[in-house]
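Residue-level structure breakdown
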Amino acid sequence: MSKIATSLSHVFTALDRSSATALHRQLYNQLRDAILSGRLSAGTRLPSTRELAGELALARNTVLNAFDQLYAEGYLARRVGDGTYVSTELPDDLLRVKRVKDVRRQSQRNGRALSKWGRAVSTISVSPGNYLGPPKPFRTGTPALDAFPYKLWGRLLTQRWKESARAIVPYGDSAGYLPLRQAIASYLSTTRGVRCSAEHVIITCGSLHALEIVARVILEPGDSAWIEDPGFLGARAALNAAGATLIPVPVDADGLNLASGIARCANPRLIYVTPSHQYPLGMTLSLSRRLELLRFAGKTGAWIVEDDYDSEFRYLGQPLAALQGLDTEQRVIYVGTFSKVLFPSARLGYIISPPDLVEAFVRARSVGGHQSQTLDQAVLADFISAGHFARHIRKMRKLYAERQHVLLKAARSELKGLLDLKPSNSGMHLIGWLPEGVDDSAASRAALAGDVEVTPLSAYCIEPPKSGALRLGYTGYTSRQIWNATRQLAKALSTNSIKQSA
Ligand SMILES: Cc1ncc(COP(=O)(O)O)c(C=O)c1O
């Protein structure tokens, strides 16, 4: 027996007579939604158009118009002499909508609609805070966006489009645009001692993407992976998503503590390191540790992932060449990014792969979105080959050294007894140590309430750190911003709640 709807008041919200959407269209939308959501079930008999017009205080024509559209689309059916019904033969797209809704609801309830990978990533975070919107002090990982050569970049962009739009628009090589791969190979060989040629370079959407590809290609779920502790959350996320068993390895003044790693897991499949500038504490992996690590990887067959994320910014002395350049066994997968040297949303990074993994990485890059935008890659290749890149880095190195100096000066003046900021020969942030016993998460929350962004060291740790510390990025901010934010931070760290946490 079919249901009879004597009134449809439960189906409608008030129609908006001042809306630009015609009343018959609003009526159509509401009836259609009611049918799609099941509030009006298949086979339900509707009131006559005259009754409905009366109930809703509409002209009968308005109702007739809405019904006509619903008949035409198959949501309603007429039975001669018996009125209008919700169709029992619902159109395909309606059923599709229902199925999608069911799947979503089911996954919300018990997670079973998601794959293992889907469930893993839905609980993973790649950063400890908010990295969206205009950066404010002391958000980390932010280059000097006030000093980027915007005009020059725009000129190169226009020129490249004018000269070779037709060559750029078709699909390109999944490994990346060849002139860019050549430029990267040449840059890394000369400045970082990396042993590679263009055929080993795979262009990715930043280094986080590179790490995700590497983890997926190398690891089986359950494989052990060493990770520096504290360490980069993005690397932790990529390894977790691939189902790895994470082995936190402590760092000391010489970087990754190999002996400690071996004691915890003597046979890791992958080792993630930031040898040039440990993330986030900033030490350099010593030469003896580098050689030891390479020997260990050669012996055990582990892959080393070297994340060289900000090595361009060294302010004193000569940088140690990349670990990859010392590797005679081809166990090192080198990962780099343009997020720090250009700007974060460039989303261009790269993998320098050992020869026997190139094919798998290129295929994985192709499965995960085919390629990066050719136009962006071509402009960057032009930027590098015309010498602008090297010039920009030189300029930023000088500017960042000055900005670090300003931060240290401001901290000496404003943060005495509240935060002990250590200078650094390299990188884009400083670590400030809190007085003993002060909880760094509480300190970071208090700072945020005062509109200053600082991330607590504990956010990067798997095992709780011995002391609380805050991470302050300085490269993206003017002297004035740095001084103002330092004063704000001093105010936040002087509050009673922070002192009481000590
Ligand atoms: C250690 C480390 N690696 C890599 C990156 C850069 O990631 P992406 O190239 O995906 O922007 C960051 C960014 O903060 C980082 O801290």
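This part is about the overall build of the chain. Secondary structure assignment for the chain yields 17 helices and 15 strands. At 30 Å, the chain has a C-alpha radius of gyration far larger than the 23 Å of a compact globule built from 502 residues. Dimensions of the chain, computed from the C-alpha atoms along their principal axes, are close to 95 × 60 × 50 Å. With 502 residues in all, the chain has 51% of them scored as buried. Once local pairs closer than 6 in sequence are excluded, the contacts in the chain between residues at least 24 apart make up 71%. Total accessible area on the chain stands at roughly 24,200 Å², and carbon and sulfur atoms take up 53% of it. Measuring between centres, the 61 positive side-chain charges of the chain sit 4 Å from its 43 negative side-chain charges.

The next thing to look at is the site of the ligand. Residues in close proximity to the ligand include Gly206, Ser207, Leu208, Phe232, Tyr272, Tyr279, Asp307, Tyr309, Thr337, Ser339, Lys340 and Arg347, which together make up its full environment. A distance of 3.0 Å is found between an oxygen atom of the ligand and a backbone nitrogen or oxygen belonging to Leu208. Taking Ser339, its side chain carries an N or O atom lying 2.7 Å from an oxygen atom of the ligand. Within the complex, the protein chains bury 88% of what would otherwise be the 400 Å² of accessible surface of the ligand. When atoms are counted within 2 Å of each cavity's grid points, the one that captures over half of the ligand is the largest pocket.

So, about the layout of surface pockets. Estimated volume of the largest pocket: approximately 810 Å³. Tyr131, Gly141, Ser339, Lys340 and Pro344 are the residues nearest the centre of the largest pocket, which is lined by 30 residues in total. With three residues, the single largest contributor to the lining of the largest pocket is helix H8 (residues 206-218). Split by residue class, the lining of the largest pocket holds 15 nonpolar, ten polar and five charged. Of the pockets and cavities examined, the second largest pocket occupies roughly 340 Å³.

Moving on, we get to the sheet that holds strand E14 (residues 455-456). In spatial order, the strands read E12-E13-E15-E14; together these four strands make up an open sheet with antiparallel pairing. Looking at strand neighbours, the two that pair on one side only are strand E12 (420-421) and E14, the edges of this open sheet. Relative to strand E13 (residues 429-433), E12 is paired through two bridges, and the arrangement is antiparallel. Each residue of the ladder has a partner; that of Asp420, found in E13, is Trp433. Of the strands in this sheet, E14 and strand E15 (469-473) are in contact with helix H15 (residues 440-449), which crosses E15 at around 40°.

Calculation criteria
Residues numbered from 1 in each chain as written. Predicted model: local features only at pLDDT ≥ 70, side-chain atom pairs only at ≥ 80, totals over all residues. Heavy atoms only, no water. Helix = DSSP H or I, 4+ residues; strand = E, 2+ residues; numbered from the N terminus. Rg over C-alpha atoms; globule rule 2.2 N^0.38 Å. Buried < 20%, exposed > 50% of the residue type's maximum accessible area, 1.4 Å probe, protein only. Contact = heavy atoms within 4.5 Å. Areas by Shrake-Rupley, 256 points an atom, 1.4 Å probe, with all protein chains shown as cover. Lys, Arg positive; Asp, Glu negative; His and termini not counted. Charge placed at Lys NZ, Arg CZ, Asp CG, Glu CD. Near = heavy atom within 4 Å. Polar contact = N/O pair within 3.5 Å; in protein donor to acceptor, adjacent residues only side chain to side chain. 1 Å grid on protein atoms, 1.4 Å probe; cavity = no way out; pocket = protein on both sides within 12 Å on 5 of 7 lines; lining within 4 Å. Sits in = over half its atoms within 2 Å of the grid points. Points joined across faces, edges and corners; volume = space filled by probe spheres on them. Nonpolar A, V, L, I, M, F, W, Y, C, P; charged D, E, K, R; others polar. Pairing = 2+ DSSP bridges. Axes fitted to C-alpha atoms, helices over the stretch in contact; angles between N-to-C directions.

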